[in-house]
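Okay, here's what each chain looks like letter by letter:
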Amino acid sequence: MSSPLQNRVHPDGRILALPERGLMMGNRGGRLHNGARQLGRPRWKGRAWICCVLSFKGRQRQVMGNSYTELFFLDEATALAAGHRPCFECRRKDANHFAGLWAEILGIPTRMRAADMDAILHQERRASAKDPAKAVSARELPDGAIYQDRGQSHLIHDGKARLWRPEGYGPAAILPDRDVLCLTPKSICAILHKGYRPILHPSAIA
C-alpha cells in the first residue's frame, strides 16, 4: 500500500500526510507540490485560500497533478480554522452568505469582495504565525470555532467541546472553564457569531 499524500489540513494550518480524506477540499492559490507529488517548502502560493466541495459539475482531477495542490479537510469548520473561506465558484450560495455577513459586521452596504476578504485573512494568518492567538475564554467562542487546549484541538458545537481527530470528532464534553487558544481567525469568528453555520462532519452531531 502506498503512503498517503501530504495534503490533509489540520485546524492549526499544518498540512499533514494522513489516510483520511475528509468532506471538503480546497487550495492555497497554486501548486505546492513537485513532480514526485511531494510538498516543497512553501505552504501557500496566493492569498486566496478557499474551501470547496468534493464534487462539482462532474469534473475529474488528478490529485497533485499538473495544476494546483488539492488540500483536504475533515469539514468546513476545520478549513475555516486554518484560514480558508468558501469558494465562490462551487459554493456560491455559501460564499455569498459568508461575504454578506462579513459586510454587515463592517457596516458595508454590499457584500465583501473576495479579494478584500483574502487580504484581511492573509494579514490575520501572518499575524497568528508570528504571534500565536491570545488566550480567550472557551465559553466566549462561537459555535463552529476550533480552539487548542493543552496540545489538542476542539470544535465548539451546540455549546459543547468535541475533540478534533483526523477521522472525526470525539464525544461532546463540557467546555473548559479556562482560557484557550482560538485557532479560527478573528474575522471568521465574528462571522460565526453573526450566524454562519459551517458544514460539519457527521461525528460532530452523533
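Definitions and cut-offs
- Residues numbered from 1 in each chain as written.
- Predicted model: local features only at pLDDT ≥ 70, side-chain atom pairs only at ≥ 80, totals over all residues.
- Heavy atoms only, no water.
- Helix = DSSP H or I, 4+ residues; strand = E, 2+ residues; numbered from the N terminus.
- Rg over C-alpha atoms; globule rule 2.2 N^0.38 Å.
- Buried < 20%, exposed > 50% of the residue type's maximum accessible area, 1.4 Å probe, protein only.
- Contact = heavy atoms within 4.5 Å.
- Areas by Shrake-Rupley, 256 points an atom, 1.4 Å probe, with all protein chains shown as cover.
- Lys, Arg positive; Asp, Glu negative; His and termini not counted.
- Charge placed at Lys NZ, Arg CZ, Asp CG, Glu CD.
- Phe/Tyr/Trp six-rings, centres within 6.5 Å; stacked < 30°, edge-to-face > 60°.
- Lys NZ or Arg CZ within 6 Å of the ring centre and 35° of its normal.
- Pairing = 2+ DSSP bridges.
- Salt bridge = Lys/Arg side-chain N within 4 Å of Asp/Glu carboxyl O.
- Patch = residues over 30% accessible without salt bridge, like charges linked within 9 Å, V, L, I, M, F, W, Y side chains within 5 Å.

Draft legend 1. Fine view of the overall build of the chain. Per the secondary structure count, the chain includes 4 helices and 12 strands. The C-alpha atoms of the chain give a radius of gyration of 16 Å, which matches the 17 Å a tight globule of 206 residues would have. Reported as C-alpha extents along the three principal axes, the dimensions of the chain are approximately 45 × 45 × 35 Å. Per-residue burial for the chain yields a buried fraction of 45% across its 206 residues. Contacts spanning at least 24 positions in sequence make up 67% of the contacts within the chain whose residues lie at least 6 apart. Of the roughly 10800 Å² that the chain leaves accessible, carbon and sulfur atoms contribute 51%. If you average the places of the 32 positive and of the 19 negative side-chain charges in the chain, the two averages end up 7 Å apart.

Draft legend 2. Examining unusual backbone geometry more closely. Phi at Arg-37 takes a positive value of approximately 60°, unusual for a residue other than glycine. With relative accessibility at 34%, the residue Arg-37 sits in the partly exposed group. One non-glycine residue, Lys-57, lies in positive phi territory at about 55°. With respect to the helices and strands, Lys-57 occurs in the loop between β4 (50-53) and β5 (71-73).

Draft legend 3. Looking closely at the packing of aromatic side chains. Evaluated as defined, the whole model comprises 2 aromatic pairs. For the ring pair Phe-98 and Tyr-196, a centre distance of 5.3 Å and an interplane angle of 85° mean the geometry is edge-to-face. Of this pair, Phe-98 sits in helix α2 (residues 92-106) while Tyr-196 is found in the segment after α4 (186-194), placing the two residues 98 residues apart along the sequence. The exposure class of Phe-98 is buried, given its relative accessible area of 1%. Residue classification places Tyr-196 among the buried residues on the basis of a relative accessible area of 2%. Here the aromatic residues Phe-98, Trp-102 and Tyr-196 are joined through ring pairs into a cluster of three or more. Note that Arg-28 overlies the ring of Trp-49, its terminal NZ or CZ placed 4.0 Å from the centroid. Its guanidinium or amino end placed over the ring of Trp-49, Arg-125 lies 3.8 Å from that ring's centre, counting from NZ or CZ.

Draft legend 4. The arrangement of the sheet that holds strand β8 (residues 146-149) in detail. In spatial order, the strands read β7-β12-β8-β9-β10-β11; together these 6 strands make up an open sheet with antiparallel pairing. If you trace the sheet from one side to the other, it starts and ends with β7 (135-137) and β11 (172-173), each paired once. Pairing geometry for strand β9 (residues 152-157) and strand β10 (residues 160-163), over 4 bridges, is antiparallel. Along β10, the bridge assignment pairs His-157 with Lys-160.

Draft legend 5. Molecular detail of the pattern of salt bridges. This model, assessed by the stated rule, comprises 10 salt bridges. Here Asp-94 and Arg-91 are joined by a salt bridge, their closest N and O atoms 3.0 Å apart. Residue classification places Asp-94 among the partly exposed residues on the basis of a relative accessible area of 27%. Through salt bridges that share partners, Glu-76, Arg-91 and Asp-94 make up one connected network.

Draft legend 6. Quick peek at α4. Those residues of α4 that fall on the buried side of the exposure criterion are Ser-187, Ile-188, Cys-189, Ile-191 and Leu-192. Remark: Gly-195 follows α4 within two positions and exhibits a positive phi of approximately 125°.

Draft legend 7. Expanded view of a nonpolar patch on the surface. A surface patch of nonpolar side chains, amounting to about 230 Å² of accessible area, comprises Ile-105, Leu-106 and Ile-108. Mapped onto the fold, Ile-108 is located in the loop between α2 and α3 (114-130). Here Ile-108 falls in the partly exposed class, since its relative accessible area comes to 33%.

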